[in-house]
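Report on the structure
Chain by chain, the residues run as shown.
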Amino acid sequence: MNSLLGTLGPFGLAVVLTIVLFFGTAGGGKAKPLSWGWALALSLLAGASYAAAAWPFSLVKGVISDLLSLGQGVFPNLTLPAIGLSMVAIVVWKKLSLRGVVMMGIPFFYIASSADGGLGVFADKIALAAQHMAT
């Protein structure tokens, strides 16, 4: 055993990040709530771990895919990079609660991983970080 925690695996990492994000954005405990940056970073890692984990986390990908299909049915020329960059603009300039930031960060990973260009590269780096944390 080379680490204190041992091997979490993708499913274990998804569970841990879900609990941290749920309770870390609520406040009220002895620890302070997560900062905006930590909430966003952990939600991106959670999105990557959800993508790699099995059921019930795989349901998130299905819901996001269905919503994207619905959006692209209404706006057929709307591309994934446009949706991803719009989400970045909302997170940066709209005042969101910590849970709002998390609810934008998790689906952003799925959208970015399907997009071409810089967003796809960014999603690949997040996935590598999550994989490294899980093993």
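This text follows the structure it describes.
A brief structural summary.

The rules behind the values
- The written sequence of each chain sets the order in which its residues are numbered from 1.
- It should be noted that, the model being predicted, local features are given only for residues of pLDDT at least 70 and side-chain atom pairs only at 80 or more, the latter also being counted only at that level, while totals for whole chains, interfaces and linings use all residues.
- The side-chain quantities take in all heavy atoms of the structure and omit both hydrogens and water.
- Note on conventions: DSSP H or I runs of at least 4 residues are helices, E runs of at least 2 residues are strands, and numbering of each starts at the N terminus.
- Our radius of gyration looks at C-alpha atoms and nothing else; its globule reference is 2.2 Å times the residue count to the power 0.38.
- All accessible areas in this document rest on Shrake-Rupley with a 1.4 Å probe, and a residue is counted as covered only by the protein chains that are shown.
- Grid points spaced at 1 Å and placed over the protein atoms alone form the basis of the search, with a cavity being a set where a 1.4 Å probe fits but cannot get out and a pocket an open set showing protein on both sides within 12 Å along at least five of seven lines. Lining residues have an atom within 4 Å of a point.
- Grid points are joined across faces, edges and corners, and a volume is the space filled by probe spheres set on the points.
- In this count, Pro and Cys sit with the nonpolar residues alongside Ala, Val, Leu, Ile, Met, Phe, Trp and Tyr, while Asp, Glu, Lys and Arg are called charged and the others, Gly among them, polar.
- Patches here: salt-bridge-free residues with over 30% relative accessible area, like charges joined within 9 Å, nonpolar side chains (Val, Leu, Ile, Met, Phe, Trp, Tyr) joined within 5 Å.
- Between Lys or Arg on one side and Asp or Glu on the other, a salt bridge is scored when a side-chain nitrogen of the former is within 4 Å of a carboxyl oxygen of the latter.
- Think of it in three bands: residues with accessible area under 20% of the maximum for their type are buried, residues over 50% are exposed, and the middle band is partly exposed, with areas taken using a 1.4 Å probe on protein chains only.
- To get an axis, a line is fitted to the C-alpha atoms, and for a helix only the part in contact is used. The angle between two axes follows their N-to-C directions and goes from 0 to 180 degrees.
- Note that the term roughly parallel is reserved for angles under 35 degrees, roughly antiparallel for angles over 145, roughly perpendicular for angles of 65 to 115, and oblique for everything else.
- Whether a crossing is left-handed or right-handed is set by the direction in which the near helix is turned from the far one by less than a right angle, anticlockwise for left-handed and clockwise for right-handed.
- Whether two residues are in contact is decided by their heavy atoms, any of which lying within 4.5 Å being enough.

Focus: the overall build of the chain
In terms of regular secondary structure, the chain is built from six helices and zero strands. Relative to the compact-globule value of 14 Å for 135 residues, the chain shows a C-alpha radius of gyration of 15 Å, a close match. C-alpha extents for the chain along the principal axes are approximately 50 × 30 × 25 Å. If you sum the accessible surface of the chain, you get close to 8,300 Å²; carbon and sulfur atoms cover 70% of it.

Re the layout of surface pockets
Taken as a whole, the largest pocket holds about 250 Å³ of empty space. Together, Tyr50, Val60, Val63, Ile64, Leu67, Leu68, Ile83, Met87, Ile106, Pro107 and Ile111 line the largest pocket. Elements supplying a minimum of two residues to the lining of the largest pocket: helix H3 (58-74), helix H4 (80-93) and helix H5 (98-114). Among the elements that take part in the lining of the largest pocket, H3 stands out by supplying five residues, more than any other. Here the lining of the largest pocket is built from residues that sort into 11 nonpolar, no polar and no charged. Reported here for the second largest pocket is a volume of approximately 170 Å³. What lines the second largest pocket is Thr18, Leu21, Phe22, Thr25, Tyr50, Arg99, Val102, Met103 and Ile106.

Focus: a nonpolar patch on the surface
On the surface, Val63, Leu67, Leu70, Val74, Phe75 and Leu78 cluster together into a nonpolar patch covering about 600 Å² of accessible area. Tracing the backbone shows Phe75 in the loop between H3 and H4. Residue classification places Phe75 among the exposed positions, given a relative accessible area of 53%.

Overview of the packing of H4 against H5
For the pair H4 and H5, interaxial distance at closest approach is 9 Å and the crossing angle is 150 degrees. When the axis of H4 is compared with that of H5, the two are roughly antiparallel. Note that H4 runs across H5; the crossing there is left-handed. Where H4 abuts H5, its residues Leu80, Ile83, Gly84, Met87, Val88, Ile90 and Val91 lie against Met104, Pro107, Phe108, Ile111 and Ser114.

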